[in-house]
Amino acid sequence: MKKFDVITFGSASEDIFITSKDFFQRNLCFPVGEKIEIDKILIKTGGGGTNAATTFSLQGFNTAYCGCIGNDYAGFLVLTDLKRFKIATNLVAVEEKRTTNLSVILSEKEKGRVILVYRDSSRYLPQNFDLEKLKSSWYYLAPLSGEFAKNTLKIIKFAKKNKTRVAINPSKEQIAILRNKIERWINLIDVLIVNKSEAKLLFGRHRSEKSLLKKLKREIRGYLIITKGKEGSIVFDGRNIFQAGIVNTKVKDRTGAGDAYGAGFVAGLIKTNDPISAIQLATANSAACLKQWGAKEGLLRENQKFSKVKITINDKL
Ligand SMILES: Nc1ncnc2c1ncn2[C@@H]1O[C@H](COP(=O)(O)OP(=O)(O)OP(=O)(O)O)[C@@H](O)[C@H]1O
Ligand SMILES: [Mg+2]
């Protein structure tokens, strides 16, 4: 069985973007029987697992996505996009009894968005799921749900036994499973990516970022990343705190920023083994994603030029 550079896990979905000038003026209240004119509709594919795979493939890595889709139009779109981005599809299971995930994103310029999420196929392990067949230098675990979430520890432990490096951006469901046994897995992780609210759920509330990092100093073996939206991100390697701002950009759509950052960081790390270059690629990749509708459009290609963000390093905890 061929060995990949990266196998990604996580959801695959069809994302339908609907924009209107007055969604929020109406408080998203639609009187029964009325026809609502909308300004624009766009159909893209999304889902953390396939979004992350797109970054890895565009950055030149031999990439496979492992997950389930249904035998339906949304699943067909997902497969078409995986092929468009040259991501291997032999680990994708088309399950007759399942429906491909689908999100409807109702957004109004600058005001924000509401996402209606339907999760089905991504909650299930492929029927022929066999970790022995998933040979890769890296596993990237985008947020997982259902059966997949329940298997998080098993996947991580298998990876470590087989010298596969692991990056994980856990979902709230995974955090609920993992938070009470942190010492059993955190030192097996090479890159752990959470946003601010996920950090609170996983590690509990702390007086400050520094006090949290001080507590984790001995447990972190790889990198802990906390992304903070417009405020940028911090990366901790157990000793140094790297602090980065953002690449200023006109945001069209927020979907996929977290996936673009996480996968961008890991791609940069594989290439250079340098956290500073990894943060720069991650930050620029997420900004590039925000500039366009859809979570896979605009992502940076290998050797594409990008603006580098300033990074400060603090080693005094
Ligand atoms: N408005 C913005 N302009 C430029 N860059 C941004 C902006 N918002 C976020 N980013 C970049 O994207 C990274 C990830 O964003 P964020 O912290 O919102 O992730 P998230 O909460 O996981 O998002 P997601 O909803 O995609 O999971 C940030 O650390 C930052 O580098
Ligand atoms: Mg996220």
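In this report, we go over the structure that sits alongside the text. Every value quoted in this text rests on a predicted model; they were computed, and no experiment measured them. (Residues numbered from 1 in each chain as written. Chains lettered and ligands numbered in written order. Predicted model: local features only at pLDDT ≥ 70, side-chain atom pairs only at ≥ 80, totals over all residues. Heavy atoms only, no water.)

1. Here we look at the site of ligand 1
Among the 18 residues in the neighbourhood of ligand 1, the closest are listed as Asn-195, Thr-227, Gly-229, Gly-232 and Gly-258. Here an oxygen atom of ligand 1 sits 3.5 Å away from a polar atom, N or O, in the main chain of Lys-228. At 3.2 Å from an oxygen atom of ligand 1 is found a side-chain nitrogen or oxygen belonging to Ser-286. Notes on ligand 1: free accessible area 640 Å², of which the protein chains cover 84%. Secondary-structure elements contributing two or more residues to the shell around ligand 1 are α8 (257-272) and α9 (275-290). Of the residues belonging to the shell around ligand 1, the class tally is six nonpolar, nine polar and three charged. (Near = heavy atom within 4 Å. Polar contact = N/O pair within 3.5 Å; in protein donor to acceptor, adjacent residues only side chain to side chain. Areas by Shrake-Rupley, 256 points an atom, 1.4 Å probe, with all protein chains shown as cover. Helix = DSSP H or I, 4+ residues; strand = E, 2+ residues; numbered from the N terminus. Nonpolar A, V, L, I, M, F, W, Y, C, P; charged D, E, K, R; others polar.)

2. Considering the sheet that holds strand β7 (residues 112-118)
With mixed pairing, the four strands of this open sheet are ordered in space as β3-β2-β6-β7. Only two strands of the sheet have a single partner each, and these edge strands are β3 (40-46) and β7. Between one strand axis and the next, the sheet turns by 20° as a mean value, whatever way the strands run. Direction of pairing for strand β6 (residues 101-108) relative to β7: antiparallel, over a ladder of seven bridges. Bridging from a neighbouring strand, Ser-103 pairs with Val-117 of β7. (Pairing = 2+ DSSP bridges. Axes fitted to C-alpha atoms, helices over the stretch in contact; angles between N-to-C directions.)

3. Considerations on the pattern of salt bridges
Applying the stated criterion across every chain yields a total of 14 salt bridges. Asp-39 serves as the salt-bridge partner of Lys-21, at 3.3 Å between the closest nitrogen and oxygen. With Lys-21 in the loop between β2 (13-19) and β3 and Asp-39 in the loop between β2 and β3, the pair connects residues that are 18 residues apart, well separated along the chain. Since its relative accessible area comes to 64%, Lys-21 is described here as exposed. Between Arg-123 and Glu-173 there is a salt bridge whose closest N-O contact spans 3.8 Å. With Arg-123 in the loop between β7 and β8 (136-141) and Glu-173 in helix α5 (residues 172-178), the pair connects residues that are 50 residues apart, well separated along the chain. (Salt bridge = Lys/Arg side-chain N within 4 Å of Asp/Glu carboxyl O. Buried < 20%, exposed > 50% of the residue type's maximum accessible area, 1.4 Å probe, protein only.)

4. Quick word on the pairing of β6
In terms of residue burial, β6 counts as a mostly covered element, since seven of its eight residues are buried. With seven bridges connecting them, β2 and β6 associate as parallel partners. The residue bridging Ile-16 from the neighbouring strand is Val-104, located in β6.

5. Concerning unusual backbone geometry
Non-glycine residue Asn-27 carries a positive phi angle of around 55°. Inspection of the secondary structure puts Asn-27 in the loop between β2 and β3. With a phi angle near 70°, Asn-303 is a residue other than glycine that sits in the positive phi range. Relative to the helices and strands, Asn-303 is located in the loop between α9 and β14 (311-314). Judged by relative accessible area, which is 71%, Asn-303 ranks as exposed.

6. Structural notes on the packing of aromatic side chains
Here the structure, examined in full by the defined rule, presents seven aromatic pairs. With 5.1 Å between their ring centres and 80° between their planes, Phe-9 and Tyr-139 make a pair best called edge-to-face. Taken together, the positions of Phe-9 in strand β1 (residues 4-9) and Tyr-139 in strand β8 put the pair 130 residues apart, joining distant regions of the chain. Accessibility classification places Phe-9 together with Tyr-139 in one group, the buried group. Residues Phe-129 and Phe-148 carry aromatic rings whose centres are separated by 5.7 Å and whose planes lie at 80° to one another, so their mutual orientation is edge-to-face. Of this pair, Phe-129 sits in the loop between β7 and β8 while Phe-148 sits in helix α3 (residues 146-150), and the two are 19 residues apart along the sequence. Of the aromatic side chains, those joined through ring pairs into one cluster are Phe-9, Phe-129, Tyr-139 and Phe-148. Seen from the ring of Tyr-124, Arg-98 lies directly overhead, with NZ or CZ sitting 3.5 Å from the centre. (Phe/Tyr/Trp six-rings, centres within 6.5 Å; stacked < 30°, edge-to-face > 60°. Lys NZ or Arg CZ within 6 Å of the ring centre and 35° of its normal.)

7. Structural notes on a positive patch on the surface
Together, Arg-207, Lys-210, Lys-214, Lys-217, Arg-218 and Arg-239 make up a region of like positive charge exposed at the surface. Following the sequence through the fold, Arg-239 ends up in the loop between β12 (233-236) and β13 (241-244). The class for Arg-239 is exposed, based on a relative accessible area of 59%. (Patch = residues over 30% accessible without salt bridge, like charges linked within 9 Å, V, L, I, M, F, W, Y side chains within 5 Å. Lys, Arg positive; Asp, Glu negative; His and termini not counted. Charge placed at Lys NZ, Arg CZ, Asp CG, Glu CD.)

8. A word on α9
An α-helix turns once per 3.6 residues; consequently, residues spaced three or four apart project the same way. Its 16 residues give α9 an end-to-end C-alpha distance of 22 Å, which sits within 8% of 22 Å, the value for a rise of 1.5 Å per residue. Burial within α9 is extensive, with 14 of its 16 residues counted as buried. (Expected span 1.5 Å × (residues − 1).)

9. As for the nonpolar core
Nonpolar side chains tend toward joint burial in soluble globular proteins. Counting residues in hydrophobic clusters, the biggest one holds 43 residues, and the most contacted among them are Ile-7, Phe-9, Tyr-139, Trp-185, Leu-192, Phe-203 and Leu-224. By residue number, the principal contributor to this core is helix α4 (residues 152-161), which donates five residues. Filtering out sequence-adjacent residues up to four positions away, Leu-192 remains in contact with Ile-168, Pro-170, Trp-185, Ile-186, Leu-202, Phe-203, Tyr-223, Leu-224 and Ile-225. One finds Ile-225, Val-235, Val-309 and Ile-311 within the second-largest nonpolar core, a separate group that totals 30 residues. (Core = buried A, V, L, I, M, F, W, Y, C linked by side-chain atoms within 4.5 Å. Contact = heavy atoms within 4.5 Å.)

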